[in-house]
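Structural characterization, general
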Amino acid sequence: MRFGWIVGLSVLACAAAALAQGPGGPPGPVEGPLPSHQGGIVWYGTLRSGIAEAKRTNRPILLISAAPHCHNVSGIW
Amino acid sequence: MDRSFLLQKEVIEASRDFVCIRLATYEDKEEVDYLTQVFHGPSGALENTVFTMLAPDARKYLARSGRAPQWAFSDAADMAKSMRRFAAEYKPADTQKALPAMKDFRLSLDVAACDNMPLVAAVSDDHDERVKLNQKLAQVAWSRELLGRTAYARAAAAGDTAKTKLALQPGVYVIEPDAFGTGGKILAWMDSDADTAALTIGIAGALARFKPPVKEARTHITDGVRKGIYWKTATPVTDPHGPRREEPASGGQ
């Protein structure tokens, strides 16, 4: 019983976080991969490498940060 | 994280003229300090997600900072249009050549699982060889054939991979992460001496065999808690809205 409450509260908390991000709504199914013919955004995963490449190539920066876990369960944004 | 804008074709196309940086929040003290300056909540603490756009000097803000693109743009089309306008203000000096990777193997595997993507990872116990492998994988990552289709890890020593359920010997691997990004299945192995053409062919072949799992948030979290999955962050989680969970007695990953 307590376990169910914990998970329920966790999902609600993640949903609240998603709502705080804007009108996208709470997390439902996790987005799947892109169609095989189309690659997604190419991400640098460290601040130093990304900023160095932006300065070297004179390109603007799209910066995102997110925790790669929910309720300390990995494998989900 | 609401990725809805970031998965739209028009935003992806506009991103090719940007350097795109996606950090793992709470995994690096220096990055935590930087992100807290970019955006923080009323408490002053860093929250789970941050978004902004910057000029190439990383100083001038181009868009309103917040927790997600939805704070700055009405929809994906609006975001893509703004990105095209920002990009037109700067003349690129070169193509991108650095390896787009997380800081270590453990985090790379988790992030690949979050993205439901295969992970390309090179392993070598020789420092100079790791440098060469990173250079080769960077060429592959920015090739037209594989652009944005896989995640990459910075070349690691064999011992670093043993921090996950995978303990890899030297070589180049394509890995299908398990649901929690703590282990996975080897889809392909290539010799460290393979050239970029051979690596591209090997990775493309593995992509054809990749079967991403379907995840649903509640089920994933329930399964993770039941199985004792516990992700240890490198720095404390400070988001006042974020859920808290005590580390199990058995320890986390």
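1. Notes on the overall build of chain B
Counting its regular elements, chain B contains eight helices and seven strands. For chain B, the spread of C-alpha atoms along the three principal axes comes to 50 × 45 × 35 Å. Out of the 253 residues in chain B, the part that is buried amounts to 57%. Within chain B, contacts between residues at least 6 apart in sequence are counted, and of these 62% link residues at least 24 apart. A total of about 11300 Å² of accessible surface is found on chain B, and carbon and sulfur atoms cover 51% of it.

2. Here we look at the nonpolar core
In terms of nonpolar packing, the biggest core is built from 24 residues, with Ile41 and Leu62 of chain A together with Phe18, Met53, Met79 and Met83 of chain B touching the most fellow members. The set of elements that each furnish at least two residues to this core consists of strand E2 (61–66) of chain A together with helix H1 (9–15), strand E2 (50–54) and helix H3 (76–88) of chain B. Looking at which element gives the most residues to this core, the answer is H3 of chain B, with six residues. Ignoring any residue separated from it by four or fewer positions in sequence, one finds Met53 of chain B in contact with Ile61 and Leu62 of chain A together with Phe18, Lys60, Tyr61, Leu62, Ala63, Phe73, Met79, Met83 and Phe86 of chain B. Among the nonpolar cores identified, the runner-up in size contains 23 residues, and Ala138, Val174, Ala188 and Ala194 of chain B belong to it.

3. Quick word on the pairing of E2 of chain B
Every regular strand shows the same layout, with side chains that alternate between the two sheet faces. Of all five residues that make up E2 of chain B, five are buried, and the element is covered over most of its length. Where burial is concerned, the two faces of E2 of chain B agree: the one with Val50, Thr52 and Leu54 of chain B and the one with Phe51 and Met53 of chain B are both buried. In this sheet, E2 of chain B lies alongside E2 of chain A in antiparallel orientation, the contact comprising five bridges. Looking at the pairing, Ile61 of chain A lines up with Leu54 of chain B of E2 of chain B.

4. Notes on the sheet that holds E2 of chain A
What the four strands build is an open sheet, ordered E1(A)-E1(B)-E2(A)-E2(B); its pairing is mixed. Of all the strands in the sheet, just strand E1 (43–44) of chain A together with E2 of chain B have a single pairing partner and so form its edges. Of the strand pairs in this sheet, E2 of chain A and strand E1 (residues 19–24) of chain B are connected by six bridges, and their pairing is parallel. Looking at the pairing, Ile64 of chain A lines up with Arg22 of chain B of E1 of chain B.

5. A short note on the interface of chain B and chain A
Taken residue by residue, the interface counts 96 residues in chain B and 62 residues in chain A. Summed over both sides, the interface between chain B and chain A buries roughly 7600 Å², with carbon and sulfur atoms accounting for 62% of that surface. For the pair chain B and chain A, the number of links is two salt bridges. Taken together, chain B and chain A are joined by 36 residue pairs in polar contact (both at pLDDT 80 or more). Sorting the residues of the side of chain B that touches chain A by element identifies H1, E1, helix H2 (29–38), E2, H3, strand E3 (101–102), helix H4 (105–115) and helix H8 (217–226) of chain B as the ones contributing at least two each. Within the side of chain B that touches chain A, the residues separate by chemical class into 54 nonpolar, 18 polar and 24 charged.

6. A few points about the packing of aromatic side chains
If you walk through the whole model with that rule in mind, you get three aromatic pairs over all chains. Relative to Trp142 of chain B, the ring of Tyr44 of chain A has its centre 6.1 Å away and its plane inclined at 35 degrees; by these criteria the two rings are tilted. In this pair, Tyr44 of chain A is assigned in strand E1 and Trp142 of chain B in the loop between helix H5 (127–141) and strand E5 (151–153), connecting two distinct chains. The exposure class assigned to Trp142 of chain B is partly exposed, which follows from its relative accessible area of 22%.

7. A word on the domain arrangement of chain B
Residues and elements named next belong to chain B. Assigned domains of chain B: these are domain 1 (3–87) and domain 2 (101–209). Computed over C-alpha atoms, the centres of domain 1 and domain 2 are 26 Å apart. Taken together, the contact pairs six residues of domain 1 with eight residues of domain 2. Between domain 1 and domain 2, a total of about 580 Å² is buried, with carbon and sulfur atoms accounting for 44% of that surface. Where domain 1 meets domain 2, there are two salt bridges.

8. Some words on helix H2 (residues 47–57) of chain A
Along an α-helix, a turn takes 3.6 residues, which lines up residues three or four apart on a common side. Residues of H2 of chain A that are buried: Leu47, Ser49, Gly50, Ile51, Glu53, Ala54 and Thr57 of chain A. Turning to H2 of chain A, the residues buried within the fold contact E1 and E2 of chain A together with E1 and H2 of chain B. Where H2 of chain A terminates, the next one or two residues include Asn58 of chain A, which has phi positive at roughly 55 degrees.

9. Describing helix H7 (residues 196–209) of chain B
Residues and elements named next belong to chain B. In a regular helix each residue adds 1.5 Å, so 14 residues correspond to 20 Å; H7 covers 20 Å between its end C-alpha atoms and thus fits that length. Every buried residue of H7 is accounted for by Leu199, Thr200, Gly202, Ile203, Ala206 and Leu207. Where H7 is buried, its residues meet strand E4 (119–123), H5, strand E6 (171–177) and strand E7 (184–190).

10. Focus: the pairing of E2 of chain A
Counting buried residues along E2 of chain A, six of its six residues qualify, which places the element largely inside the surrounding structure. Neither face of E2 of chain A is left uncovered, since the one carrying Ile61, Leu63 and Ser65 of chain A and the one carrying Leu62, Ile64 and Ala66 of chain A both have all their residues buried.

Parameters and conventions
Position numbers for residues start from 1 in each chain and track the written sequence from start to end. Lettering of chains starts at A and numbering of ligands starts at 1, both following the order in which they are written. Local features are withheld for residues below a pLDDT of 70 in this predicted model, meaning they are given only at 70 or higher, and side-chain atom pairs are given and counted only at 80 or more; totals for whole chains, interfaces and linings count all residues. Side-chain descriptors were evaluated using all non-hydrogen atoms of the structure, hydrogens and water having been removed beforehand. Each helix is a run of DSSP H or I of at least 4 residues and each strand a run of E of at least 2, with the numbering of both proceeding from the N terminus. Remark: exposure states derive from per-residue accessible area (1.4 Å probe, protein chains only) relative to the maximum for the residue type, with buried under 20%, exposed over 50%, and partly exposed in between. Here a residue-residue contact requires only that any non-hydrogen atoms of the pair lie within 4.5 Å. The Shrake-Rupley method, run with a 1.4 Å probe sphere, supplies the accessible areas, and residue values consider only the shown protein chains as cover. To define a nonpolar core, start from buried Ala, Val, Leu, Ile, Met, Phe, Trp, Tyr and Cys residues and group those joined through side-chain atoms within 4.5 Å. Strand pairing follows a simple DSSP-based rule, namely that at least 2 bridges must link the two strands. When two parts are brought into contact, each loses some accessible area as probed by a 1.4 Å sphere; the total of that loss over both is the buried area. By convention in these notes, a salt bridge is any Lys or Arg side-chain nitrogen within 4 Å of a carboxyl oxygen on Asp or Glu. The term polar contact refers here to a pair of N or O atoms within 3.5 Å; inside protein, the definition further demands a hydrogen-donor-capable atom paired with an acceptor-capable atom, and it admits residues adjacent in sequence only when both atoms are side-chain atoms. Only Asp, Glu, Lys and Arg are considered charged, only Ala, Val, Leu, Ile, Met, Phe, Trp, Tyr, Cys and Pro nonpolar, and every remaining residue, Gly among them, polar. Any Phe, Tyr or Trp ring, taking Trp's six-membered ring, that has another such ring centre within 6.5 Å forms a pair; planes under 30 degrees apart are called stacked, those over 60 apart edge-to-face, and the others tilted. Note that domain bounds follow an automatic or database assignment of domains. Take the residue count of a helix, subtract one, and multiply by 1.5 Å to get its expected span.

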